[in-house]
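These are the residues of each chain, in order.
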Amino acid sequence: MKEKIWLSPPHMGGKEQKYINEAFETNWIAPLGPNVDGMESDLIRITEKKYALTLNSATSAIHLALIILGVKQGDYVICQDFTFCASANPIVYLGASPVFVDSEKDTWNMSPAYLEQSILACMNGTIDGNGKAQKPKAIIPVHLYGVPAKMDEIMAIAHKYEIPVIEDAAEAIGSTFLNKPCGSFGELGVLSFNGNKIITTSAGGALVSDNEKYIKHARFLSTQARDQAPHYQHSQVGYNYRMSNINAGIGRGQLEVLQDRVLKRRQNFEFYKQKLGDIKGFQFLEEPKNAFSNRWLTCLLVNPSETNGVDREVIRLALEKENIESRPLWKPMHLQPIYENSPYFGEGFSAELFEKGLCLPSGSNLSDEDLQRVVNAVLGCIQD
Ligand SMILES: *Cc1c(COP(=O)(O)O)cnc(C)c1O
């Protein structure tokens, strides 16, 4: 069997171990310490925000962001339809209702037009059978696969209706839009350092903001909401959501090589596009105007009506036979059993992306030989 090619494996930079050793040597084996402080300063620099809080996941970060914005039982929260379930699940943790918005063609992210439609439907009570008219409490756009959403248009709509934005930049650290980092546009920005992301702490996330009160509040809630007292005193329900000082050591090392990782992932994309982009029925997402994408994962769209019936599943299975991991694009939230009764605004574009799309191996540690092996396996499907 040929060596396995993974979709997006971890890629250490070299300094991670040094920061971990420092933690051991100083006995900072805790969910706080110098690595946590160091990583938070690094994130402030990278995201150009005033405050950062490292957490145990991006899912926790979204959960805390919603609590901070006052989301409660019965509220509406608007969320991008085409995403990973972690963008939406925290809405349900709070008993609130997600309202899903389709993607637009230029970016595969939240359509500004359907966003406005969904806001108006919430506000005029036409959104569900019981006629409850209520302004949504928050908007969650996502920069999927590292490609920036149209944050200028989304923020303009959010400001017009005075609705705060939680920007899910879990896949987009290192991406920019209008020369501003992804994660820096909304009232709150969310990052992920899960094992499959462009950089990793094995598991981890962060919340960033310019609003000091928000981050202070999130920090308080993330450490079990302890009141000021010598004993353990709680007047609110808190969570255990902090990142450990060991994981933050990995994070500091990884952040040092972020730029290299972004460059290599962009090269992967160019390699695939050059070798496969001209094939009839194949399509890659061009970088949108004013956007710089970290190209976390390279996504190939396959149109079977132009490839003699070869679809993304045929290609996925052919890659699997070659010991190469690939994966369909995210299955939209409105098609997930858990969200089948949630409102959805759109025209089925996210469903089409799911049907046609395949994520190709995109690790920053892939060699040109690895990439060529993937290309050959894909071409094998088309040629016979
Ligand atoms: C990975 C991911 C998350 C969740 O991140 P975790 O750190 O694993 O909780 C949220 N949103 C998107 C878009 C993601 O890709």
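**Details of the environment of Gln236**
Secondary-structure assignment places Gln236 in the loop between helix 7 (212-222) and helix 8 (245-256). For Gln236, a relative accessible area of 40% puts it in the partly exposed group. Through-space distance from the C-alpha of Gln236 to that of Ile173 is 32 Å; in sequence the pair is 63 residues apart.

**Focus on the domain arrangement of the protein chain**
Taken domain by domain, the protein chain consists of domain 1 (16-255) and domain 2 (258-383). One C-alpha centre belongs to domain 1, the other to domain 2, and the line joining them spans 26 Å. Roughly 3,800 Å² is buried in total at the junction of domain 1 and domain 2, and carbon and sulfur atoms are behind 65% of that figure. For the interface between domain 1 and domain 2, the tally reads one salt bridge. In this structure, Glu347 engages Lys105 in a salt bridge whose closest nitrogen and oxygen atoms are separated by 3.7 Å. For the side of domain 1 that touches domain 2, the secondary-structure elements that each account for two or more residues are helix 4 (89-93), strand 3 (97-101), helix 5 (112-124), strand 6 (176-177) and helix 8. The residue inventory of the side of domain 1 that touches domain 2, partitioned by class, reads 25 nonpolar, 13 polar and seven charged.

**Describing the nonpolar core**
By size, the foremost hydrophobic cluster in this structure holds 36 residues, and its most contacted members are Leu43, Phe82, Trp108, Tyr145, Ile173, Phe193 and Leu329. Every element with two or more residues in this core is listed here: helix 2 (34-47), strand 9 (205-209), helix 8, helix 9 (258-276), strand 12 (298-302) and helix 11 (349-356). Residues lining this core come from more than one domain, with at least three contributed by each of domain 1 (16-255) and domain 2 (258-383). Not counting the four nearest positions on each side in its chain, Phe82 is found in contact with Ser103, Trp108, Leu144, Tyr145, Leu329, Trp330, Pro332, Ser350 and Leu353.

**Some details on the packing of helix 1 (residues 16-26) against helix 8**
Axis separation between helix 1 and helix 8 bottoms out at 7 Å; the angle between their running directions is 150°. By the angle between their directions, the pair helix 1 and helix 8 is classed as roughly antiparallel. You can see that helix 1 and helix 8 cross each other, and the crossing is right-handed. Packed against helix 1, whose contacting residues are Glu16, Tyr19, Ile20, Ala23 and Phe24, the element helix 8 presents Asn245, Ile246, Gly249, Ile250, Arg252, Gly253, Gln254 and Glu256 at the interface. Residues of the contact of helix 1 with helix 8, tallied by class, amount to six nonpolar, four polar and three charged.

Calculation rules
Residues numbered from 1 in each chain as written. Predicted model: local features only at pLDDT ≥ 70, side-chain atom pairs only at ≥ 80, totals over all residues. Heavy atoms only, no water. Helix = DSSP H or I, 4+ residues; strand = E, 2+ residues; numbered from the N terminus. Buried < 20%, exposed > 50% of the residue type's maximum accessible area, 1.4 Å probe, protein only. Domains from an automatic or database assignment. Buried area = accessible area lost by both parts, 1.4 Å probe. Salt bridge = Lys/Arg side-chain N within 4 Å of Asp/Glu carboxyl O. Nonpolar A, V, L, I, M, F, W, Y, C, P; charged D, E, K, R; others polar. Core = buried A, V, L, I, M, F, W, Y, C linked by side-chain atoms within 4.5 Å. Contact = heavy atoms within 4.5 Å. Axes fitted to C-alpha atoms, helices over the stretch in contact; angles between N-to-C directions. Parallel < 35°, antiparallel > 145°, perpendicular 65-115°, else oblique. Left-handed = near helix turned anticlockwise from the far one by under 90°.

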